[in-house]
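Examining the three-dimensional arrangement
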Amino acid sequence: TTISVATSAAMVLLCFGIFKYTGVVQPEPELLVASVPVVKDSVPTLIFASGEKMDMTEYAVNKKVIDVVHVTARATDEASSVLNVYKVPRMFTGGLALPDSTIVYLNSDSELSFPSRFSDSVRAVSVRGEAYFEVQREGDRPFIVHSGEQKVTVLGTSFGISCYASEANDYT
């Protein structure tokens, strides 16, 4: 019986040793996730007319609305004909307040082109993807959204618009 107890104890120790060894060799999942590199242009980005790029990840993750009037003051060219671009990649959403206080919320994989300041006669932007607008009324000065083959003109209202590349052919 002493031999069977010793054999049983040896088997338990052997099993415990194999279990411990395989536990040490297995890589931890967090290390695999942390080692994935960040792909360029995979974060929300505000591209100024000057070409300067600003990472907007913190704003998108925390659901903050970006005040464009303050961030575009850094841009070198303030001409209204030169456009800034806000790109929101997949897995993010973003919001920004335009120079006229209109608020735009962009959905995943969307892009908005807008001037640093609007002209005296018209407020015009372009959108690719999906956006929700809360347009502030400014007298009779229209707010125009160009999106694919669509052109929406309003004075002051809230509305959504969608025009992803795969949907663009559906409107022709």
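Residues numbered from 1 in each chain as written. Predicted model: local features only at pLDDT ≥ 70, side-chain atom pairs only at ≥ 80, totals over all residues. Heavy atoms only, no water.

**Regarding the nonpolar core**
Short version of the rule: Among the buried residues, those of types Ala, Val, Leu, Ile, Met, Phe, Trp, Tyr and Cys that are joined through side-chain atoms within 4.5 Å form a nonpolar core. A simple rule labels every residue: compare its accessible area, found with a 1.4 Å probe on the protein chains alone, to the largest value its type can have, and call it buried under 20%, exposed over 50%, or partly exposed in between. Counting from the N terminus, the helices are the DSSP runs of H or I reaching at least four residues and the strands are the DSSP runs of E reaching at least two. Residue contacts follow a heavy-atom distance rule, with two residues in contact if any of their heavy atoms lie within 4.5 Å.
Of all hydrophobic cores here, the largest spans 27 residues; its most connected members are Leu-112 and Phe-133. Sorting the residues of this core by element identifies strand S4 (83–88), strand S6 (103–106), strand S7 (110–115), strand S8 (123–134), strand S9 (143–147) and strand S11 (158–163) as the ones contributing at least two each. Element by element, the count of residues in this core is highest for S8, at four residues. Apart from residues lying up to four places away in sequence, Leu-112 is in contact with Asn-84, Val-85, Tyr-86, Leu-96, Leu-98, Val-104, Leu-106, Val-125, Ser-126, Val-127 and Phe-133.

**Thoughts on the packing of aromatic side chains**
Defined as follows: Stacked, edge-to-face and tilted are the three classes for Phe, Tyr and Trp ring pairs, Trp counted by its six-membered ring, which pair at centre distances within 6.5 Å; planes under 30 degrees apart are stacked, over 60 edge-to-face, the rest tilted.
Overall, the coordinates contain three aromatic pairs when judged by the stated rule. A centroid spacing of 6.2 Å and a plane angle of 70° characterise the contact between Phe-118 and Phe-143, whose relative ring orientation is edge-to-face. Here Phe-118, found in the loop between S7 and S8, pairs with Phe-143, found in strand S9; they are 25 residues apart in sequence, far enough to count as distant. Neither residue differs from the other here; Phe-118 and Phe-143 are each classed as buried. Here a set of aromatic residues connected by ring pairs shows up, and it is made of Phe-118, Phe-133, Phe-143 and Phe-159.

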